[in-house]
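Next come the chains, spelled out residue by residue.
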Amino acid sequence: MYSQGLIGADGRTEESPEFLEAFQRRIDAEEKIEPKDPMPAGYRRTLVRQIGQHAHSEIVGMLPEGNWITRAPTLKRKAALLAKVQDEGGHGLYLYAAAETLGVSREEMTEELLAGKAKYSSIFNYPTLSWADIGAIGWLVDGAAIMNQIPLCRCSYGPYSRAMIRICKEESFHQRQGYEIMLTLCRGTPEQKAMAQDALNRWWWPSLMMFGPHDKDSAHTEQSMKWKIKRFTNDQLRQKFIDATVPQAEFLGLTIPDPELRWNPDKNDGRGGYDHGPIDWDEFWRVVKGHGRMNRDRLAARRKAHDEGAWVREAALAHARKRKARAMAAE
Ligand code: FAQ
């Protein structure tokens, strides 16, 4: 193999140029990096940050839709929504497990979230005001999540890429159930169609913000692309999402709330694509920094769930301790 780097007198890892070059060669050869492989500290840090934020997003992301489980209009809708929200919880767990392979514990990540120090997706700080919002979230938020996450199935870090395969299969069902809710509303009464339009009006721009800042303002994209953690830039994925979603809105008979949205035949190397109006980045950063409409409620709900679940964690640990003691006594 190659030398990983030496521990310097100050206790910090000094990564030799040969190590960094050899690591990059593995990445360029599309080799998967596995938990016990030597890796640059920055690569590990980037993954812990991104996977941790992603896991928190899935867990906090259960809240806006969870709000509607008891108010779903039919038993069928309730069963589908319940299953979807449970899936999101499962995604959070796979992702925490993937992050743990990098040496950070789930307790540490949870503490950071509950202390308000860890980021999670801006989108989950918007309120769900009507049943149509559940359709819009499935269609747009899961739609944006899939666009972003399919390329993550090819991420260079093995455990993250493998977790993403199952997650993407489930997200695809989520997107369809959301679109089907929108379709039902749009084929319903004028009031129902108006609800669907109102939900689209409120969720469109926050969905575009999910992809993160424009490439020129993105702190991490360039390095993450080199390390093949990200396979596409934020703007590339946002463009793909817009191009895929506009025809879906047309089929529903809904209007995208962007007067500057225009088909541009020269875009995407002559294949065509949509130009769009400016995104309100002030709003984005306000929400990311904790000042969105629902930030406080979301963290309060997570803290409450954590406190109320303390007895479950204690019981599970006591059970594990008992089993260990029994196994030792039997030896
Ligand atoms: N919200 O340099 P970049 C879902 C932060 S899961 C909040 O571009 P990067 C499933 C970013 O962290 C949705 N913060 O960063 C579901 C960084 O801050 P830092 C989550 C954001 O990492 C559906 C700073 O801005 N998906 O929806 C956001 O290269 C329905 C600079 O940004 C993932 O996490 C944002 N939207 O690119 C669940 C996918 N955007 O850390 C329930 C994995 C950026 O320096 C219901 N993550 N920031 O303090 C990624 O692909 C990337 O991390 C990006 C950001 C693309 C999100």
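Residues numbered from 1 in each chain as written. Predicted model: local features only at pLDDT ≥ 70, side-chain atom pairs only at ≥ 80, totals over all residues. Heavy atoms only, no water.

Draft legend 1. Just the overall build of the protein, in detail. Of regular secondary structure, the protein possesses 13 helices and four strands. The C-alpha radius of gyration computed for the protein amounts to 22 Å, which stays within 12% of the reference 20 Å derived for 331 residues, consistent with globular compactness. Each of the three principal axes of the protein carries a C-alpha extent, and together these read 70 × 55 × 35 Å. Residue burial in the protein is summarised as follows: out of 331 residues, 48% are buried. (Helix = DSSP H or I, 4+ residues; strand = E, 2+ residues; numbered from the N terminus. Rg over C-alpha atoms; globule rule 2.2 N^0.38 Å. Buried < 20%, exposed > 50% of the residue type's maximum accessible area, 1.4 Å probe, protein only.)

Draft legend 2. Structural detail: helix 5 (residues 106–114). Considered for burial, the residues of helix 5 that qualify are Met109, Thr110, Leu113 and Leu114. Along helix 5, the residues classed as buried sweep out an arc of 130° about the axis, all on the same side. Seen from the buried face of helix 5, the exposed residues on the opposite side, beyond 90 degrees, are Glu107 and Glu111. In this fold, the buried residues of helix 5 make contact with helix 2 (41–60), helix 4 (75–100) and helix 12 (295–308). (Arc of directions from axis to C-beta. Contact = heavy atoms within 4.5 Å.)

Draft legend 3. Region of the structure containing the site of the ligand. Among the 36 residues in the neighbourhood of the ligand, the closest are listed as Gln53, Lys119, His220, Lys230 and Asn234. Contact distances for the ligand include 3.0 Å between an oxygen atom and a side-chain N or O atom of asparagine 148. Between an oxygen atom of the ligand and a side-chain N or O atom of histidine 220, the distance comes to 2.6 Å. For the ligand, whose free accessible area comes to 1,100 Å², the fraction covered by protein is 92%. Those elements that place two or more of their residues in the shell around the ligand are helix 2, helix 4, helix 6 (131–149), helix 7 (158–186) and helix 11 (281–291). Sorting elements by how many residues they give to the shell around the ligand places helix 2 first, with six residues. (Near = heavy atom within 4 Å. Polar contact = N/O pair within 3.5 Å; in protein donor to acceptor, adjacent residues only side chain to side chain. Areas by Shrake-Rupley, 256 points an atom, 1.4 Å probe, with all protein chains shown as cover.)

Draft legend 4. Quick look at the nonpolar core. Among the nonpolar cores identified, the biggest contains 75 residues, and Tyr43, Leu47, Ile51, Tyr157, Tyr160, Trp203 and Trp204 are the most heavily contacted of them. It is helix 7 that provides the largest number of residues to this core, a total of ten residues. (Core = buried A, V, L, I, M, F, W, Y, C linked by side-chain atoms within 4.5 Å.)

Draft legend 5. Fine view of the state of the cysteines. Under the definition given, this model contains zero disulfides. With no disulfide of its own, cysteine 153 has cysteine 168 as its nearest cysteine by sulfur position, at a separation of 3.9 Å. (Disulfide = S-S within 2.5 Å.)

Draft legend 6. Expanded view of the side chain of glutamate 171. For glutamate 171, the location among the structural elements is in helix 7. One buried charge, glutamate 171, has no salt-bridge partner; the nearest side chain with opposite charge is lysine 84, at 5.4 Å. With residues near it in sequence (within four places) discarded, glutamate 171 still touches Glu58, Glu88, His91, Asp142, Ala145, Ile146 and Gln149. (Lys, Arg positive; Asp, Glu negative; His and termini not counted. Salt bridge = Lys/Arg side-chain N within 4 Å of Asp/Glu carboxyl O.)

Draft legend 7. Seen up close, the pattern of salt bridges. Following the criterion strictly, the structure yields 17 salt bridges and no others. Ionic pairing is found between arginine 202 and aspartate 133, a salt bridge with its closest N-O pair at 2.7 Å. Separated by 69 residues along the polypeptide, arginine 202 in helix 8 (residues 190–209) and aspartate 133 in helix 6 bring together distant segments of the chain. The class for arginine 202 is partly exposed, based on a relative accessible area of 25%. As a salt-bridge pair, aspartate 235 and arginine 238 come within 2.7 Å of each other at their nearest N and O atoms. Here arginine 238 and aspartate 235 lie together in helix 10 (residues 234–252), a separation of three residues that amounts to about one turn. When salt bridges that share partners are traced, they join Glu65, Lys84, Glu88 and Asp142 into one network.

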